[in-house]
Structures are given as structure tokens and as C-alpha cells.
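Spelled out, the chains give:
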Amino acid sequence: MTTYAPTLRSQIAVRSATEDDRQKLATLIHFSPYVHRHLDWRSPLDWLGKEPFLLAERDSQIVAALACPPDIPELTWVRLFAVSLALDLDEAWETLWPVAYRQMVGNAPIAALPLQSWFRRILESSHFDHANDVIMLKWSDHGQSLKAKPCHEDYCIRPMGYDDLSAVHNLDAQAFNPVWQHSIELLKIAFQNASFATIAENRIGIIAYQICTVNGGSGHLARLAVHPQAQRSGVGYGLLRDVLNNLRQRGIRHVTVNTQTSNQASLSLYDKVGFQPTGEVYPIYAFEA
């Protein structure tokens, strides 16, 4: 465990979180008025043991937490920032952020997906810039034709298996820039939590994949990627239609997906099968050393 000297202003001690802090952190996250949680397959507590994951303490009580451990070396997300009523919001950030930043390895970009206005203000005060937006799209089943076959002339669609994850990870790294790439560990978690996961492959290998979840009567397309060499060939369209047909057969009438406003290829693909914007927008902020 790493411990840092208390700040002079209010005698706040900063140290690294450990597994022994799990219950107290769960309480902090549940009851604090200010909590930022990164939208991810993992909960903030899953990152315990990874650095930087810092706590601010006053009189041996945890009053704030900040976690920014990287999933891949090329990018770090702000995964958790929680502040109790016992500490001023700005003081908490000004105490924890410089220590977390010093712990980060190399000069990889740091990103955050703030859902609350108070956290956007905090980020802007520390020279994070608004870099992009993520929007939510929704498809509703109105009986429209979605004719698709499981096998096509140039590729075949089949269920994803655990043995496919290594090849899926390699495809993922080529299909996405670092902001959206997943480590093999995170892809395994996504696969384990999937309601429906498929791949498209040809004689060369896997050229596309998707991971979908179902909650109640709605589906969410959590991941869809096409190998760069197979893009604009129709495979993404075929895989997406296959997903919607399968979900329709399961009685799912609504499906959502998130994508970036700057990703015109993705927006065009979803528009072709009838996805429409819901009006929900999530800003992406970036900090570069």
C-alpha cells in the first residue's frame, strides 16, 4: 500500500486503495452525493489492486476516491470519482488528481465520459477538452423487412465461442482506435455477460463480430466491429440484420446502440436498418500531457 503525506490545507491523507477497503468504498459509492462511474463492463470495485486507485482520508475515514487504472496501455479512462459530504468537491479533485496523474505510466491520453454537469466542470478546470460525443440510437420493430440468411456467398455467421476470443481481440485492436479498444480480459467479461454473440468469418478467418445484451424486453448492441479490410463489403450490414432478426424471434422489439457522432460509417450503417437517435448524448473529454 502506498501512502502519501497529508495535505496542509485540511490534513487529508492520500493512499492507494486495497482489497480491505472494498466495503467502505461500496458505501462511499452508494451514499455519496457526487459519484462518477465510467460506463463499462466492470464495476469500479473490480479495479481494486490496479493503479492508480486512490483514497482521500480524514480522521481515518474515506471521504473521496479516484480511480484511473488503464485497461490497455494506450489509453486511461477516469473510472471512478466519488466524494462524500465530508469533503468539498473541488478540494477532493485538487487533492487526488495530481497524485493520480503522477502515477500514470508514459504519456498515454486520459479520457472521461462525464454524465453529470458537475464533473464536466471539474474536468474543464483541469484542462480536459471536449473531444467528441457518444449518442444513443434505437431500433423499434415495426414489422419492417430484415431478410437475412445465416450464411452468405463470401462469409458465414455463427455463434461466438470462447475459443474465438483471441482472434476477436486481434480484430478489435485493428477495428477501433485506442479510445474504444478492449483488452482481452474485458472482452472475456463482455462475452460472459452477453445474451447473444456472433461472428462473421470467411476462408481467411473472423472478419466481424457482435456482442448483444438483453434486459427485459429490450436489447442493447454493446459491440459491433468489422475488420478494416472487410469494411464497406456489406458484412457489417449482414451481421447487424442477423442480430435484429434473432432478437425479433426472441420477442425483443426495441434495440439500442451507442456510437460516436464523428463515426459516419457507423451512423450510416445503423440508419440503413432503421435506428433513430434517442436524443441522449454523452460527451467525451480528453486530457493529453
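Cut-offs and rules
Residues numbered from 1 in each chain as written. Predicted model: local features only at pLDDT ≥ 70, side-chain atom pairs only at ≥ 80, totals over all residues. Heavy atoms only, no water. Pairing = 2+ DSSP bridges. Helix = DSSP H or I, 4+ residues; strand = E, 2+ residues; numbered from the N terminus. Contact = heavy atoms within 4.5 Å. Axes fitted to C-alpha atoms, helices over the stretch in contact; angles between N-to-C directions. Left-handed = near helix turned anticlockwise from the far one by under 90°. Nonpolar A, V, L, I, M, F, W, Y, C, P; charged D, E, K, R; others polar. 1 Å grid on protein atoms, 1.4 Å probe; cavity = no way out; pocket = protein on both sides within 12 Å on 5 of 7 lines; lining within 4 Å. Points joined across faces, edges and corners; volume = space filled by probe spheres on them. Salt bridge = Lys/Arg side-chain N within 4 Å of Asp/Glu carboxyl O. Buried < 20%, exposed > 50% of the residue type's maximum accessible area, 1.4 Å probe, protein only. Polar contact = N/O pair within 3.5 Å; in protein donor to acceptor, adjacent residues only side chain to side chain. Parallel < 35°, antiparallel > 145°, perpendicular 65-115°, else oblique.

**Concerning the sheet that holds strand E14 (residues 254-260)**
Argument step 1. Strand order in this open sheet of 9 strands is E6-E8-E15-E9-E14-E13-E12-E11-E10, and the pairing throughout is mixed. Only two strands of the sheet have a single partner each, and these edge strands are strand E6 (76-77) and strand E10 (156-159).
Argument step 2. Its contacts with the sheet put helix H4 (residues 165-175) on strand E11 (196-201), strand E12 (206-215) and strand E13 (218-226), and the angle it makes with E12 is roughly 100°.

**Side note on the packing of H4 against helix H5 (residues 184-193)**
Argument step 1. H5 packs onto H4 with a crossing angle of 120° between their chain directions and a minimal axis gap of 10 Å. Once H4 is placed against H5, the crossing between them reads as right-handed. Packed against H4, whose contacting residues are Leu165, Ser166, Val168, His169 and Asp172, the element H5 presents Ile184, Leu187, Lys188 and Phe191 at the interface.
Argument step 2. Residue classes in the contact of H4 with H5 are distributed as 5 nonpolar, 2 polar and 2 charged.

**Focus on the layout of surface pockets**
Argument step 1. For the second largest pocket, the calculated volume is near 310 Å³.
Argument step 2. The wall of the second largest pocket is formed by 13 residues, among which Asn202, Ile204, Ile207, Gln229 and Ala230 lie closest to the centre.
Argument step 3. Of the residues contributing to the lining of the second largest pocket, the split by class is 6 nonpolar, 5 polar and 2 charged.

**Regarding the pattern of salt bridges**
Argument step 1. Enumeration according to the criterion identifies 10 salt bridges in this entry.
Argument step 2. For aspartate 141, the salt bridge identified is with arginine 248, shortest N-O distance 2.7 Å. A residue pair is termed long-range when its members are at least 10 positions apart, and aspartate 141 in the loop between strand E9 (129-140) and E10 and arginine 248 in helix H6 (residues 235-249) qualify at 107 residues. With respect to class, aspartate 141 is no different from arginine 248; both count as buried.
Argument step 3. Between glutamate 201 and arginine 158 there is a salt bridge, and its shortest N-O distance comes to 2.7 Å. Placement of glutamate 201 in strand E11 and of arginine 158 in strand E10 is noted, with a sequence separation of 43 residues between them.

**A look at the side chain of aspartate 71**
Argument step 1. Secondary-structure assignment places aspartate 71 in the loop between strand E5 (61-67) and E6.
Argument step 2. Engagement of the side chain of aspartate 71 in a polar contact is seen with the side chain of serine 183, the distance being 2.5 Å.
Argument step 3. In contact with aspartate 71, other than residues within four places in its own chain, are Arg42, Trp47, Arg79, Gln181, His182, Ser183 and Leu186.

**Some words on the packing of helix H2 (residues 89-103) against helix H3 (residues 117-125)**
Describing two packed helices takes the angle between their axes plus the distance from one axis to the other.
Argument step 1. Two elements in contact, H2 and H3, have axes separated by 11 Å at closest approach and are oriented at 45°. The angle between H2 and H3 places the two elements in the oblique class. For the element pair H2 and H3, the recorded crossing hand is right-handed. On H3, the residues touching Leu89, Asp90 and Trp93 of H2 are Trp118, Phe119, Arg121, Ile122 and Leu123.
Argument step 2. Its residues assigned to classes, the contact of H2 with H3 shows 6 nonpolar, no polar and 2 charged.

**Remarks on empty space enclosed by the protein**
Unfilled space is identified by rolling a water-sized probe across the atoms.
Argument step 1. Scanning the model with the defined rule gives 1 cavity of 30 Å³ or more in all.
Argument step 2. By volume, the largest cavity amounts to about 30 Å³.
Argument step 3. Around the largest cavity, the lining residues are His38, Asp40, Arg42, Ser43, Pro44, Trp47 and Arg79.
Argument step 4. A per-class count over the lining of the largest cavity returns 2 nonpolar, 2 polar and 3 charged.

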